[in-house]
Amino acid sequence: MAKINIKIEGIPYEVEEGMTILEAAKSCGYEIPSLCTFNHGECNLGSCRVCLVEATGARGLVASCVYPVSEGMEVRISSPAAVEARRESVELLLSNHNKNCQQCEKNEYCELLHVAKLTGARDDAFAGMHSKTYLDTLAPGLVRDTSKCILCGRCVARCQNAHGLGILGFENRGFNTMVSPAENRSFADSPCIQCGQCVNVCPTGALMEHSEIRLVDEAMQAGKHVIVQVAPAVRAALGEEFGYPVGTPVTGKMIAALRRLGFEKVYDVNFGADLTIMEEGHELLSRIQNGGILPMITSCSPGWINYAEYNYGDLLPHLSSCKSPHEMQGAILKSYWAEQKGIDPKDIFVVSVMPCVAKKFERQREQLQVNGLPDVDAVITTRELAKMIKRSGILFPRLPEEEWDPDIMGEYSGAAVIFGVTGGVMEAALRTVYYKLTGQEHDQITFEEVRGHDAGIREASLDINGTTVNVAIASGMKSAKVLLEEIREGKSKYQFIEIMGCPGGCINGGGQPYVRPCFLPNEDDDIIDTYKEKRARALYSEDERRTVRQSHNNPQIIELYDKFLGAPNSHKAHKLLHTTYAAREGFNG
C-alpha cells in the first residue's frame, strides 16, 4: 500500500493511502472519540457525527470514520470547534435516548455512555419530544428496544455482511425513523435466524438477548435438581468479562464458579459433542455406503437450522438428523442419567451455558423433547453467566481450579473441544470416520486442511482407504448460500458440509462477551482482527492437551452405548438423539 504524508495536530506522519482519518489517527497514536470502535465495515454511514474533526481541503467539519486522508492533509482533533461539535453530537443522541442506565442490560458496556464521558456531554443539553418507541420481547432469543437505538446502522450492516440478510433496516423518515424488521414486525414474525450478531455490534442496549436467568433462579428455589452443562466456546471467552486477555481459557475457575452458584452437577457439553460425532459420523458413513442423500450437512448450529427452514426447505433432507450436542446431552440427562440416579426426569432442570443466542430459540422447538419433556429447560449465554457470577459477589480471579463432575458424562475427547471453532465439527467427525473406514487412527490425529477461523468457504478432498471424501466448511449464511445454491442446482461435489451460523463459529457467537477495545484492558491494538483467532487457539490448545482426542475412544461414550443406547443410530438412539426439520411457511422461495 502506498504511503502519503499528513499532519495531525501540527505533527507530520506517514500513513497508508486509502485510510480514513479515524484509522490514520489511531495508527499515529490518537483515539478520536467515536462509535466506530468495532469497525469491520459495520458502521460506515457516518450518521452519528460523533467523530467530527477539522481537515484541510474539507468544507467544515468532517466525520473522520468515513472521510479519507489525502496527501498533505492537516487534521485538527482538539480544536475548539471540533471538541464542541463532538460534544453536541453526543448530546443530540442523548436527547432522544432512554437514559435508564442503572436498569439497562448494557450497563458497563454502553459505547454511548463511554463517548459521553470522553466528550463531556450533558444529558440535559437539549430537551424536547422523544420519538415514539417500541419494545419487542416476543422472540425467544432477541429483545429490541427502540428507546435506546441511536440509528447508527451497525446492526443493519452486520446482518447483511454476515448473512446476506436484510432482517433489519431503516423504517420511516425523519423524526419517526427507526431500525426494525420490515413493517416494524417483531423478530418473532420475521425470518430472523436469532443468531444475535446484531446484538454483538449494537453500541447501546437497543438489541439484547432474552435473559433466562430468572428461570434458573426459579428452578433452584423450587428445589429442582438443577444441572448445568457448558459449551466449549464459553471457556475461551468468559475470562474477558473478568479482565483476562482475549483467548485465555478459564475452565477450572468457571467450574468452581458454577458450583458456588448452586448447580447440583456441573458437566461439559463436550460429552454431548462426542455423542454427536458418534451419531453423525455413522449417519454419514451410512449415506455414503448405502446411497443416501448427499452431501450431508451438519446440524449443530441452530442459527443455520433456522436459515435452512426459512430459505431452503427443499434441501432439509440433506441435513443430518442429529440434535445439537447440548440437546443430546439434555436428553441423556433426563433418561440414562435419571435412571442411574433414581430421579424422576420431571424433577430435573437442565441449564445450558452457550455462546449462542439462537440456542434459546432451539430449546423451545417442539421436536426437541422426549416423552413431553424438553431436553433443555433454560439457556443462558456467556454474558449471562458472567452476570450471575458478578451479582453473587464471587471474585472470579481468586477461585480455585476445579474439575468437571466425573460421573457418567465427565469424560470428553479433544475432538469435542474444537466444536466451538468453524471447521471443528468437520475435523472431529473426520477423526472418527477415518477410523471406521480404515480400522486405525489417523497418524497426525488433526486434519489441518479444514482449519481456519475466518468466515468464507474452505474445502478439502481426502482419500481415506480408497474412499474419496470431499468436504466443505462455511460459517455465516452469506458463505453458506454459495454451497446451498450448488446443491440446489445439482452441482455440488461434496459428501459432507459443515455450516456454522456465526462467522468464525461458536467462538464468535451472539452470546459471547463484547469485543470492544475500550472495554478490554491490556489488549493489543490488533484485537479487533485477532479475537476469533485467539479464542480458537484456546480450544485447539486444549485439544492438544487431551489424552483421548477421538470421540469414539471416550470410555464413557463407549459405556453409554454398551449399557443403554446399544449402538450408534439404533432405534433408542434415534428416539433420544435425532430430530426432524420443517420448512417455515411464508418465507421459502
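Below is a short write-up of the structure. Given the structure is predicted, the values throughout are model-derived calculations rather than measurements. Counting starts from 1 at the beginning of each chain's written sequence and moves along it residue by residue. Whole-chain, interface and lining totals are the exception, using all residues; otherwise, since this is a predicted model, local features are given only for residues with pLDDT of at least 70 and side-chain atom pairs are given and counted only at 80 or more. Side-chain numbers here rest on the full set of heavy atoms in the structure, without hydrogens or water.

Some words on the overall build of the chain
Link 1 in the chain: A count of helical and extended segments in the chain gives 19 helices and 20 strands.
Link 2 in the chain: It is over C-alpha atoms that the radius of gyration is taken, and the globule rule equals 2.2 Å times the number of residues to the power 0.38. The C-alpha radius of gyration of the chain comes to 25 Å, within 12% of the 25 Å expected for a compact globule of 589 residues.
Link 3 in the chain: When its C-alpha atoms are laid out on the principal axes, the chain stretches across 75 × 55 × 50 Å.
Link 4 in the chain: Contacts are assigned to residue pairs with any non-hydrogen atoms lying within 4.5 Å of each other. Of the contacts formed within the chain by residues at least 6 apart in sequence, a portion of 74% connects residues at least 24 apart.
Link 5 in the chain: Residue burial considers only the protein chains on display, and all accessible areas are found by Shrake-Rupley using a 1.4 Å probe. About 22,900 Å² of surface is accessible on the chain, with carbon and sulfur atoms providing 49% of the total.
Link 6 in the chain: Working convention for charge: Lys and Arg count positive, Asp and Glu count negative, and His plus the chain ends are omitted. Charge coordinates come from a single atom per side chain, which is NZ of Lys, CZ of Arg, CG of Asp or CD of Glu. Distance between charge centroids for the chain: 3 Å, based on 61 positive and 76 negative side chains. The way it works is that DSSP assigns letters per residue, a run of H or I at least four long becomes a helix, a run of E at least two long becomes a strand, and they are numbered from the N terminus.

Remarks on the packing of helix α2 (residues 80-95) against helix α3 (residues 111-119)
Link 1 in the chain: Here α2 crosses α3 at 140°, and the two axes come no closer than 9 Å. With respect to each other, α2 and α3 are oriented oblique. In terms of crossing hand, the pair formed by α2 and α3 is left-handed. Along its contact with α2, which presents Arg86, Arg87, Val90, Leu93 and Leu94, the element α3 presents Leu112, Val115, Ala116 and Thr119. To obtain each axis, a line is fitted to C-alpha atoms, and for helices this fit is confined to the stretch in contact; angles are then taken between N-to-C directions over 0 to 180 degrees. In this scheme, roughly parallel covers angles under 35 degrees and roughly antiparallel covers those over 145, while 65 to 115 is roughly perpendicular and the rest are oblique. With the far helix as reference, a near helix turned anticlockwise by less than a right angle produces a left-handed crossing, and one turned clockwise produces a right-handed crossing.

Comments concerning empty space enclosed by the protein
Link 1 in the chain: With a 1 Å grid laid over protein atoms only, a set of points is called a cavity when a 1.4 Å probe fits there but cannot get out and a pocket when it is open yet has protein on both sides within 12 Å along at least five of seven lines; lining residues have an atom within 4 Å of a point. Grid points are joined across faces, edges and corners, and a volume is the space filled by probe spheres set on the points. One pass over the full model with this rule turns up six cavities of 30 Å³ or more.
Link 2 in the chain: Taken as a whole, the largest cavity holds about 260 Å³ of empty space.
Link 3 in the chain: Counting residues per element, the ones that place at least two in the lining of the largest cavity are α10 (302-311), α11 (325-341) and α12 (358-362).
Link 4 in the chain: Put simply, Ala, Val, Leu, Ile, Met, Phe, Trp, Tyr, Cys and Pro go in the nonpolar bin, Asp, Glu, Lys and Arg in the charged bin, and everything else, Gly too, in the polar bin. Taken together, the residues that form the lining of the largest cavity break down as 17 nonpolar, seven polar and one charged.

Some thoughts on the pattern of salt bridges
Working definition: two side chains of opposite charge can pair if their charged atoms are close together.
Link 1 in the chain: Any carboxyl oxygen of Asp or Glu within 4 Å of a side-chain nitrogen of Lys or Arg constitutes a salt bridge here. In this structure the tally under the stated criterion is 41 salt bridges.
Link 2 in the chain: With a closest N to O distance of 2.7 Å, Glu240 and Arg535 form a salt bridge. Of this pair, Glu240 sits in the loop between α7 (232-235) and α8 (251-260) while Arg535 sits in helix α17 (residues 527-545), placing them 295 residues apart in sequence. Comparing Glu240 with Arg535, the two get one shared label, buried.
Link 3 in the chain: With a shortest N-O distance of 3.3 Å, Arg259 and Asp405 are connected by a salt bridge. Separated by 146 residues along the polypeptide, Arg259 in helix α8 and Asp405 in the loop between α13 (382-391) and α14 (414-417) bring together distant segments of the chain.
Link 4 in the chain: Counted as one network, the salt bridges with shared partners bring together Glu427, Arg431, Arg451, Asp543 and Arg549. Think of it in three bands: residues with accessible area under 20% of the maximum for their type are buried, residues over 50% are exposed, and the middle band is partly exposed, with areas taken using a 1.4 Å probe on protein chains only.

A short note on the packing of aromatic side chains
Link 1 in the chain: A pair of Phe, Tyr and Trp rings is counted when the ring centres sit within 6.5 Å of each other, with Trp represented by its six-membered ring. The angle between the planes then sorts it: under 30 degrees is stacked, over 60 is edge-to-face, the rest tilted. The tally for this structure, following the rule as stated, stands at seven aromatic pairs.
Link 2 in the chain: With 6.0 Å between their ring centres and 90° between their planes, Tyr13 and Tyr30 make a pair best called edge-to-face. Linking Tyr13 in strand β2 (residues 11-16) with Tyr30 in the loop between α1 (21-27) and β3 (52-55), this pair joins segments that are 17 residues apart in sequence.
Link 3 in the chain: Look at Tyr13 and you get partly exposed, because its relative accessible area is 21%.
Link 4 in the chain: Taking 5.0 Å as the distance between ring centres and 40° as the angle between the ring planes, the aromatic pair formed by Tyr336 and Phe564 counts as tilted. Linking Tyr336 in helix α11 with Phe564 in helix α18 (residues 555-565), this pair joins segments that are 228 residues apart in sequence.
Link 5 in the chain: Its relative accessible area of 4% is what places Tyr336 among the buried residues.
Link 6 in the chain: Look at Phe564 and you get buried, because its relative accessible area is 12%.
Link 7 in the chain: By way of ring pairs, the aromatic residues Phe242, Tyr244 and Phe396 are connected into one cluster.

Some details on helix α9 (residues 270-290)
Link 1 in the chain: Expected span, for any helix, means 1.5 Å times one less than how many residues it has. Taking 1.5 Å per residue, 21 residues should reach 30 Å; α9 reaches 30 Å between its end C-alpha atoms and fits that length.
Link 2 in the chain: Within α9, 16 of the 21 residues are buried, leaving the element largely enclosed by the surrounding structure.
Link 3 in the chain: Once α9 finishes, Gly291 follows within two positions and takes phi at roughly 70°, a positive value.

Examining the pairing of β2
Link 1 in the chain: Should DSSP find at least two bridges between two strands, the strands are regarded as paired. Two strands pair when backbone bridges link them, and strand β1 (residues 3-8) and β2 are joined in this way by six bridges, in the antiparallel orientation. For Lys7, the partnering residue across the bridge sits in β2 and is Pro12.
Link 2 in the chain: Connecting β1 to the next strand, β2, in antiparallel fashion are two residues, including Glu9 with a positive phi near 55°.

Here we look at the sheet that holds strand β10 (residues 207-209)
Link 1 in the chain: The three strands lie next to each other as β6-β7-β10, forming an open sheet whose pairing is antiparallel. Each edge of the open sheet is held by one strand with a lone partner, namely β6 (135-136) and β10.
Link 2 in the chain: As paired strands, strand β7 (residues 142-145) and β10 are joined by three bridges and run antiparallel to one another. By the bridge assignment, Arg144 is partnered in β10 with Leu207.

Some thoughts on unusual backbone geometry
Link 1 in the chain: Pro295 follows Leu294 through a cis peptide bond whose omega is 0°.
Link 2 in the chain: Mapped onto the secondary structure, Pro295 falls in the loop between α9 and β13 (296-297).

Some remarks on the nonpolar core
As a rule of thumb, nonpolar side chains are buried together in soluble globular proteins.
Link 1 in the chain: Only buried Ala, Val, Leu, Ile, Met, Phe, Trp, Tyr and Cys residues count toward a nonpolar core, and they belong to the same one when joined by side-chain atoms within 4.5 Å. In this structure, Leu238 and Ile332 are the most contacted members of the largest nonpolar core, which totals 75 residues.
Link 2 in the chain: Once you skip the residues sitting within four places of it in the chain, Ile332 turns out to touch Leu275, Trp337, Met409, Leu560, Phe564, Leu565, Leu576 and Leu577.
Link 3 in the chain: In this structure, Phe187, Val199, Tyr312 and Ile499 belong to the second largest nonpolar core, which totals 44 residues.

Overview of the sheet that holds β1
In a beta sheet, neighbouring strands are held together by backbone hydrogen bonds and run either parallel or antiparallel to one another.
Link 1 in the chain: Overall, mixed pairing links the five strands, which are arranged β2-β1-β5-β3-β4 in an open sheet. Bordering the open sheet on either side are β2 and β4 (62-63), each of which pairs with just one other strand.

Quick notes on α2
Link 1 in the chain: Helix length check: α2 (16 residues) gives 22 Å between terminal C-alpha atoms against 22 Å at 1.5 Å per residue, within 8%.
Link 2 in the chain: Ala82, Ala85, Arg86, Ser89, Val90, Glu91, Leu93, Leu94 and Ser95 are the residues of α2 that are buried.
Link 3 in the chain: As for α2, its buried residues are in contact with β3, β5 (74-76) and α3.

A word on the pairing of strand β20 (residues 496-500)
Link 1 in the chain: β20 sits mainly inside the fold: five of its five residues count as buried.
Link 2 in the chain: Strand direction decides the pairing type here: β13 and β20, joined by two bridges, are parallel. Pairing of Met296 across the sheet is with Phe496, part of β20.
Link 3 in the chain: In terms of strand pairing, strand β19 (residues 467-475) meets β20 through five bridges, oriented parallel. Within the sheet, the bridge partner assigned to Ile473 lies in β20 and is Glu498.
Link 4 in the chain: Crossover handedness is defined by viewing with both strands directed away from the observer: a clockwise path from the first strand over the helix to the second marks the crossover as right-handed. In terms of handedness, the path from β19 via helix α16 (residues 477-488) over to β20 forms a crossover that is right-handed.

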